[in-house]
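Spelled out, the chains give:
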Amino acid sequence: MAKFEKFDDAFYAGDTAEFKKLLTKLKSPNEKEDDEPFIVYLARILASDDSPGKEDIFKLLKDAGCNFNVAEDSDYSARTALCHFAFNNNLHYLKLLISLG
């Protein structure tokens, strides 16, 4: 996850400007690393955190063409971002993803 880990600090801080700067370095917001899509990576690290503040980052990803419905490529678990939020009872971000389509 080395490529995606560089987003962690900006994501946890809710620093949309820094996150956007880092996002421009990806080929696509739908990029994968180790068969895990970028959006699933973010949802996995945020799944147990229902504190608000990351809404702008998700809106930014939607505007950049991120596919929120993509699943990780795994024989063990093919979860989507929505699955991670539902599994962890994270209603705040579950509702946000649904509202973003």
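You'll find the structure just up there.
Read on for a plain summary of the structure. (Residues numbered from 1 in each chain as written. Predicted model: local features only at pLDDT ≥ 70, side-chain atom pairs only at ≥ 80, totals over all residues. Heavy atoms only, no water.)

## Regarding the side chain of H84
- Mapping H84 onto the fold places it in helix α6 (residues 81-87).
- According to the relative accessible area criterion, H84 is buried, its value standing at 6%.
- Apart from the residues lying within four places of it in its own chain, the contact partners of H84 are V40, A43, R44, A47, E72 and R79. (Helix = DSSP H or I, 4+ residues; strand = E, 2+ residues; numbered from the N terminus. Buried < 20%, exposed > 50% of the residue type's maximum accessible area, 1.4 Å probe, protein only. Contact = heavy atoms within 4.5 Å.)

## Some thoughts on the packing of aromatic side chains
- The full count for this structure, using the stated rule, is 12 aromatic pairs.
- Cluster of aromatic residues (ring-pair linked, three or more members): F4, F7, F11, Y12, F19, F38, Y41, F58, F68, F85 and Y93.
- Looking at R79, its charged tip hangs above the ring of F87, at a distance of 4.4 Å from the centre. (Phe/Tyr/Trp six-rings, centres within 6.5 Å; stacked < 30°, edge-to-face > 60°. Lys NZ or Arg CZ within 6 Å of the ring centre and 35° of its normal.)

## Thoughts on the nonpolar core
- By size, the foremost hydrophobic cluster in this structure holds 31 residues, and its most contacted members are F19, F38, I39, F58, L61 and F85.
- At the level of secondary structure, the elements contributing two or more residues to this core comprise α2 (8-13), α3 (16-23), α4 (38-46), α5 (55-63), α6 and α7 (91-100).
- If near-sequence neighbours (up to four positions away) are discounted, I39 is found in contact with F58, L61, C66, N67, F68, V70 and A81. (Core = buried A, V, L, I, M, F, W, Y, C linked by side-chain atoms within 4.5 Å.)

## Some thoughts on the packing of α5 against α7
- Two elements in contact, α5 and α7, have axes whose closest approach is 11 Å; the angle formed by their N-to-C orientations is 30°. With respect to each other, α5 and α7 are oriented roughly parallel. Between α5 and α7 lies a crossing whose hand is right-handed. Contacts between α5 and α7 involve E55, F58, K59 and K62 from the former and H92, Y93, L96, L97 and L100 from the latter.
- In terms of residue class, the contact of α5 with α7 is made up of 5 nonpolar, 1 polar and 3 charged. (Axes fitted to C-alpha atoms, helices over the stretch in contact; angles between N-to-C directions. Parallel < 35°, antiparallel > 145°, perpendicular 65-115°, else oblique. Left-handed = near helix turned anticlockwise from the far one by under 90°. Nonpolar A, V, L, I, M, F, W, Y, C, P; charged D, E, K, R; others polar.)

## Things to note about unusual backbone geometry
- The phi angle at D34 is positive, at roughly 50°, despite the residue not being glycine.
- Mapping D34 onto the fold places it in the loop between β1 (32-33) and β2 (36-37).
- The exposed category is assigned to D34, whose relative accessible area is 61%.
- Despite not being glycine, N89 shows a phi value in the positive range, around 55°.

## Quick word on the environment of L61
- The residue L61 is located in helix α5 in this model.
- Classification of L61 by relative accessible area gives buried; the value is 0%.
- Taking the C-alpha atoms as reference points, L61 and F38, separated by 23 residues in sequence, lie 10.0 Å from one another.
- Setting aside anything within four residues of it in sequence, one finds L61 in contact with F19, L23, P29, F38, I39, L42, C66 and F68.

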